[in-house]
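Here's the letter readout for the chains.
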Amino acid sequence: MNQNPVPAGSPSCPPSVGASDWPQAVRETPAKKPFACDKIDFLFVFVFWALSYYYIWMSEQVFGYVRFWGTPHIALFTAAYAACVLGYLYLKKQKPAAESWFWLAVMLALGVPVSLWSLAPFVQIVLLHLAALYWTLCAFGALMDGKTGNLLVYDCMSAFAVVPFGNWLAPFRAVRWTNSAKGAWRRKVLMAALGLAIAVPLLCLVLPLLSSADQNFQSMLDHAFRWVVRGSVIDALIRLVLAVPVTCVLYGLCYGAAHRSCTDWTTREGIEKGADSMRFLPDAAVAVALGVMCAVYALFTALQGGYLFSGFFGHLPASFSYAEYARQGFFELCRIGAINVCLLAGANLLSKTPRLKNKRLRLLNLALSALSLLLVATALSKMGLYIAAYGLTAKRVLATTLLVWLALVFLGVIAWQFKRFDLVRFAVFAGAVLVCLLCVLNVGGLIDAYNFSHFGIASGQPQVLLDGTEWLLQ
């Protein structure tokens, strides 16, 4: 055995490695964040479970009969969900974000009036679910920028999928939580379960004897047995089981937003780097593409000027009826407007040189937006002429609202070329306000009032038009 120590640092003995000599990635590896829970988290698992049970029961009552209005359950559930989220937030010593009050108003505007009236109930219910999830994330201040903006897509991904499903097991982990090292809560639950397990076989022995001794008690037991067999208890148990995954989603979203769990799945810096890597289209190619589209729209407007703009002056082109003029190209113009919104977004996202440093791109944005705004105004004039002749329907109101939103977007794009502001935020807020107006106002009643005052008929009654055709308001 060699007794001579080898000097440290010699080839046969590498220097000792301490914590300060570890690789950078190893030293900076963060420890796994422990599951945080307190009495409030424990309590609200059962609060959200009860709310989820009501959601399942409401779905049976409302969706089972395919009837959304005339029942208060959707409005009551919307108010109850808002109260639960706000209660959880305040008890966690947090303050709602300022913008969240706007989205709370949007959620209530979508959920409360649907119990009374709705132009498109199924679409309104879908929007209600989306608004509720987004408002929850916004209320806890868990949006990436703290407000609605250019990162809307990533915030929606967080609210609809990442945060609720990333905290899917949070309710079960919160139920296992104990407020002391000795596990007082767990022991109480186990003792209660053990007591029930002991009582069940004893009841099987005692209840038949008691029922034989008293006729009234036997009648009560028979009634209880028929109630169970009829399905009331079984249905309730099924709802309780179905409410578990709903609880996982609702509670998981609230818990994740409150504790910032799974909210940092991406960062603004990473998104900006990804956006910069997407700028691969040469500026010349973008300019040519937008220039060609502008030229085509300008040529179309010049050739069809008399036909297109006749609606502005309230008269029809020759050989056209009101129906033919309104329908001719109306939906095509709506699609063109939507396509141009996507075209402008793609051009500004994919161009190698950003808009602020690209004067040519700003000029083309102005030209394409102005021409698109002209086409949208033309479609609005055609619809106005059609409504003046044939009256209002739900579909015409919805189409007009879409055109108004497109016009606001194109006006925003034009202003965006001269002043810096969040265009996505403007477009989203404008759309949300228009949708809320459609939901809050009794549009169906206003439609009937307009048609009755102008044509003397209500919805569903036929009328012979000036051109001899029969018209039925729907």
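Not measured: the values here are computed from a predicted model.

*Asks:* Just checking my understanding: could you explain the overall build of the protein chain for this structure?
*Replies:* The number of helices and strands found in the protein chain is 19 helices and 2 strands. Scored against the burial criterion, the 474 residues of the protein chain give a buried share of 37%. Carbon together with sulfur atoms contributes 70% to the accessible area of the protein chain, which is approximately 27,100 Å² in total.

*Asks:* When you look at the environment of A80 in this model, what are you seeing that I'm missing?
*Replies:* Among the secondary structure elements, A80 is positioned in helix 3 (residues 73-91). In sequence terms A80 and Y54 are 26 residues apart; their C-alpha atoms lie 9.8 Å from each other.

*Asks:* Even after reading the chapter, I still don't get the pattern of salt bridges, so can you show me in this structure?
*Replies:* Between side chains of opposite charge, a pair can form as their charged atoms come close. Applying the stated rule across the entire model yields 4 salt bridges. With a shortest N-O distance of 2.9 Å, K92 and D41 are connected by a salt bridge. A residue pair is termed long-range when its members are at least 10 positions apart, and K92 in the loop between helix 3 and helix 4 (100-111) and D41 in helix 2 (residues 39-62) qualify at 51 residues. Note on K92: relative accessible area 15%, which makes it buried. Taken together, the shared-partner salt bridges connect D38, D41 and K92 into one network.

*Asks:* Is there a simple way to explain helix 6 (residues 152-166) in this structure?
*Replies:* Along an α-helix, residues three or four positions apart point the same way, because every turn accommodates 3.6 residues. Of all the bends in helix 6, the greatest, near 50°, is centred on S158. Listed in full, the buried residues belonging to helix 6 are L152, D155, C156, S158, A159, V163 and P164.

Here is what the cut-offs are and how they apply
Residues numbered from 1 in each chain as written. Predicted model: local features only at pLDDT ≥ 70, side-chain atom pairs only at ≥ 80, totals over all residues. Heavy atoms only, no water. Helix = DSSP H or I, 4+ residues; strand = E, 2+ residues; numbered from the N terminus. Buried < 20%, exposed > 50% of the residue type's maximum accessible area, 1.4 Å probe, protein only. Areas by Shrake-Rupley, 256 points an atom, 1.4 Å probe, with all protein chains shown as cover. Salt bridge = Lys/Arg side-chain N within 4 Å of Asp/Glu carboxyl O. Bend = angle between axes of the 7 residues up to and from the residue.

By themselves, these figures tell us nothing about what the structure is for.
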